[in-house]
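Descriptive analysis of the structure
Here is how the chains run, residue by residue.
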Amino acid sequence: QVPLVESGGGLVQAGGSLRLSCVGSGNIFRSLLSLNSMGWYRQAPGKQRELVASVLTGGTTKYADSVKGRFTVSKDNDKTTVYLQMNNLKPEDAAVYYCHADFIPPGGGLHNIWGKGTLVIVSS
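We now turn to the structure provided with this report. (Residues numbered from 1 in each chain as written. Predicted model: local features only at pLDDT ≥ 70, side-chain atom pairs only at ≥ 80, totals over all residues. Heavy atoms only, no water.)

1. What to know about the overall build of the protein
- The helix and strand tally for the protein stands at zero helices and eleven strands.
- Put simply, the protein runs from its N terminus to its C terminus through helices and strands in the order β-β-β-β-β-β-β-β-β-β-β.
- Rg of the C-alpha trace for the protein: 14 Å, near the compact-globule value of 14 Å for 124 residues, within the 12% margin.
- Across its three principal directions, the C-alpha atoms of the protein cover 50 × 30 × 30 Å.
- Within the protein, the proportion of its 124 residues that are buried is 40%. (Helix = DSSP H or I, 4+ residues; strand = E, 2+ residues; numbered from the N terminus. Rg over C-alpha atoms; globule rule 2.2 N^0.38 Å. Buried < 20%, exposed > 50% of the residue type's maximum accessible area, 1.4 Å probe, protein only.)

This is how it looks when you write it as structure tokens:
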């Protein structure tokens with residue numbers, strides 16, 4: 001079972017909005033691993049994957065400078081569903097957006113899982 005499933009991508013005109021959703025499920029969310037954060041990365045052609053926004057289990061959020069004031073990351077009360085509200089989209093935002101979660105294993109370190117990605121296309 002895929003532990004992270006994204007939805008909500010698609011084609012939108014510049015200036016428009018999209019809301020991405022990511023549902024976490026499966027054994028890893030019921031394991032002894034402690035969920036540290038969930039959030040979103042994106043990767044555009046020819047560019048490295050970059051953090052867009054994330055939220056720690058405690059509620060602290062982090063945003064890339066390029067999306068501050070336009071994007072909002074949030075979670076449901078179950079703490080395993082995360083959203084990315086994207087407003088005033090720009091052509092530069094076009095990318096594959098990947099849901100991400102990381103966990104702290106009992107022995108320490110950090111374990112990362114990724115969704116398969118959802119494509120966002122922004123037309124000029």
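Anyway, onward from the coordinates.
2. Concerning the state of the cysteines
- Following the criterion strictly, the structure yields one disulfide and no others.
- Linked covalently through their sulfurs, cysteine 22 and cysteine 99 form a disulfide whose S-S length is 1.9 Å. With the S-S dihedral at roughly -85°, the linkage between cysteine 22 and cysteine 99 falls on the left-handed side. Linking cysteine 22 in strand β3 (residues 18–24) with cysteine 99 in strand β9 (residues 95–104), this pair joins segments that are 77 residues apart in sequence. (Disulfide = S-S within 2.5 Å.)

3. Things to note about the pairing of strand β4 (residues 34–43)
- One ladder, built from nine bridges, connects β4 with β9; its direction is antiparallel. Each residue of the ladder has a partner; that of methionine 38, found in β9, is alanine 101.
- If you look at the hairpin formed by β4 and strand β5 (residues 50–56), you'll find six residues sitting between the two strands, and glycine 46 has a positive phi there, around 75°. (Pairing = 2+ DSSP bridges.)

4. Here's the deal with the packing of aromatic side chains
- Throughout the structure, instances matching the rule amount to two aromatic pairs.
- Measuring from ring centre to ring centre gives 4.9 Å for tyrosine 41 and tryptophan 114, while their planes differ by 70°; the resulting arrangement is edge-to-face. Of the two residues, tyrosine 41 sits in strand β4 while tryptophan 114 sits in strand β10 (residues 111–114), which places them 73 residues apart along the sequence.
- Sitting over the ring of tyrosine 98, arginine 49 keeps its end group 3.9 Å from the ring centre.
- The cationic tip of arginine 49 hangs over the ring face of tryptophan 114; the distance from NZ or CZ to the ring centre is 4.6 Å. (Phe/Tyr/Trp six-rings, centres within 6.5 Å; stacked < 30°, edge-to-face > 60°. Lys NZ or Arg CZ within 6 Å of the ring centre and 35° of its normal.)

5. Comments concerning unusual backbone geometry
- Within the chain, lysine 79 stands out as a residue other than glycine whose phi angle is a positive 70°.
- Following the sequence through the fold, lysine 79 ends up in the loop between β7 (71–75) and β8 (81–86).
- With relative accessibility at 41%, the residue lysine 79 sits in the partly exposed group.
- The phi dihedral of asparagine 88 falls on the positive side, at around 50°, and the residue is not glycine.
- Within the secondary structure, asparagine 88 is located in the loop between β8 and β9.

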